[in-house]
Every structure is written in structure tokens, then in C-alpha cells.
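Structural overview
Single-letter residue listing:
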Amino acid sequence: DDQYLGDICFSLRYVPTSGKLTVGILECKRLKKMDITGASDPYVKIKLLDSKGKRIGKKKKTTVKNANLNPYYNESFVFMVEQSMLRKVTLEITVLDYDRIGGSDPIGKVRLGYSRKKLEKKHWAEMVDNPRRPVIHWHVLQTPEEDEEDEDEKKKDKKKEKDGKKDGGKDGKDNKDGKDSKDG
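None of these values were measured; they are calculated from a predicted model.

1. Comments concerning the overall build of the protein
- Counting its secondary structure elements, the protein contains two helices and eight strands.
- Going from N to C terminus, the protein has its helices and strands arranged as β-β-β-β-β-β-β-α-β-α.
- For the protein, the proportion of its 184 residues judged to be buried stands at 36%.
- The long-range share in the protein, meaning contacts at least 24 apart out of those at least 6 apart in sequence, stands at 64%.

Set out below in C-alpha cells:
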């Protein structure tokens, strides 16, 4: 019973002429309690990944629903995807428990695309076969085992920040000097 993390309902709609993939996050139910208080403050994060698992474009997030294990969102997000890419991409939908103090804890996730199995593939295929029509399904959340990836991402970001600061510092000083000489 530990493994049951909850369900999420969302719609997928693809418009081939514009390349717009609309993900409508509708609601979740029976989410696993993540806090000692017996509640969770869930929000949903959506990422589009290429065949190598790299993120395409920006990740999107819903609002946070405080102390709610059956949150209703009804929020939609648009990704631009060329039709030729539909066979290659994976849509990753993660439900997280928002935590102001630490990082947010992932409760569970669903990944969709032709590379997936069962409903995770079927839902995607249905969306492709029914252009311009929203296709809605409930999915059972899977274990979010890819925490390591996020950790790596964080580490990378930190490294970037450090490098950026070094470079930024240098550039900043140079710019200031440049400005001064112009003013003088």
C-alpha cells in the first residue's frame, strides 16, 4: 500500500498546424501524505524532454494548493512542439509537495510519449490521433525515482552560478571602467 502515491487527471491537446501542445492539469486525488502534519501542499511541474532526456524549453508549474490531498487545478500550459518531434519527446508531469524550508519533495510522476508503455503511451497516441481535441485521462502516479537527475541539475546550476559570479565580477568591473572613461 506504501507504493500508492495518488492519481492525476489531465488533458492533452495537440494542434498540428500551430505546433501547440496544450497540457491541462485538472486535478489530483488521494495524494500520498508527505508532511508529518498529515497534509501535503501539492503543485504540478511539467517538463518536455527530448529523446536523450534533456529539457526542451521552460518547465511549467501550477499554483500550490495548501493542505490538500485532492487538489483541483484546472490550469493549462502550452508547449511548442513540431509535429516531427512528437515521436521523440517525453512529457514529464511530476506532483510535488511544496516546502518553503527545504526543496519540494516529489510525490510521484507520470511520463508520456511513444517510448512509454500502457496508458502513458496510449494517452499520447490518442492525442496525436485526435488533433485539436483535448484527450483526458486519469493516471496513477509512479515513483519519482529520478531524484538523482534533479540533484545533478542543482549541482550544475550551482557550478554555473559560481562560474557566472567569477565571469560576472570581471565583466562588471570592466563595464564600470568603460562607463567611467566614456563619462570622463
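2. So, the state of the cysteines
- Tallied over the full model, the rule gives zero disulfides.
- You can see Cys9 has no disulfide; the closest cysteine sulfur is in Cys28, sitting 9.0 Å from it.
- For Cys9, a relative accessible area of 5% translates into the label buried.

3. Description of the sheet that holds strand 5 (residues 72–80)
- In spatial order, the strands read 5-2-1-8; together these four strands make up an open sheet with antiparallel pairing. A strand with exactly one partner marks an edge of an open sheet, and here the two such strands are strand 5 and strand 8 (135–140). Sheet twist, expressed as the mean angle between neighbouring strand axes with direction ignored, is 25 degrees.
- Of the strand pairs in this sheet, strand 2 (residues 20–29) and strand 5 are connected by seven bridges, and their pairing is antiparallel. In the strand pairing of strand 5, Ile25 is matched with Glu75.
- Here helix 1 (residues 118–129) sits on the sheet and contacts strand 1 (7–15), strand 2 and strand 8; the angle it forms with strand 8, its principal contact strand, is near 170 degrees.

4. A word on the environment of Ile93
- Among the structural elements, Ile93 can be located in strand 6 (residues 90–97).
- Among the residues examined, Ile93 registers a relative accessible area of 0% and is labelled buried.
- For the pair Ile93 and Lys45, spaced 48 residues apart in sequence, the C-alpha to C-alpha distance is 5.8 Å.
- In this structure, Ile93 is in contact with Ile8, Phe10, Val23, Ile25, Val44, Lys45, Ile46, Gly108, Lys109, Val110 and Leu112, ignoring residues within four places of it in sequence.

5. Some points on the nonpolar core
- In this structure, Ile8, Leu21, Ile25, Leu91, Ile93 and Trp124 are the most contacted members of the largest nonpolar core, which totals 31 residues.
- Elements with a minimum of two residues in this core: strand 1, strand 2, strand 3 (42–49), strand 5, strand 6, strand 7 (105–112) and helix 1.
- In this structure, Ile8 is in contact with Ile25, Glu27, Cys28, Val44, Ile93, Val95, Val110, His137, Trp138, His139 and Leu141, ignoring residues within four places of it in sequence.

Conventions we followed
Residues numbered from 1 in each chain as written. Predicted model: local features only at pLDDT ≥ 70, side-chain atom pairs only at ≥ 80, totals over all residues. Heavy atoms only, no water. Helix = DSSP H or I, 4+ residues; strand = E, 2+ residues; numbered from the N terminus. Buried < 20%, exposed > 50% of the residue type's maximum accessible area, 1.4 Å probe, protein only. Contact = heavy atoms within 4.5 Å. Disulfide = S-S within 2.5 Å. Pairing = 2+ DSSP bridges. Axes fitted to C-alpha atoms, helices over the stretch in contact; angles between N-to-C directions. Core = buried A, V, L, I, M, F, W, Y, C linked by side-chain atoms within 4.5 Å.

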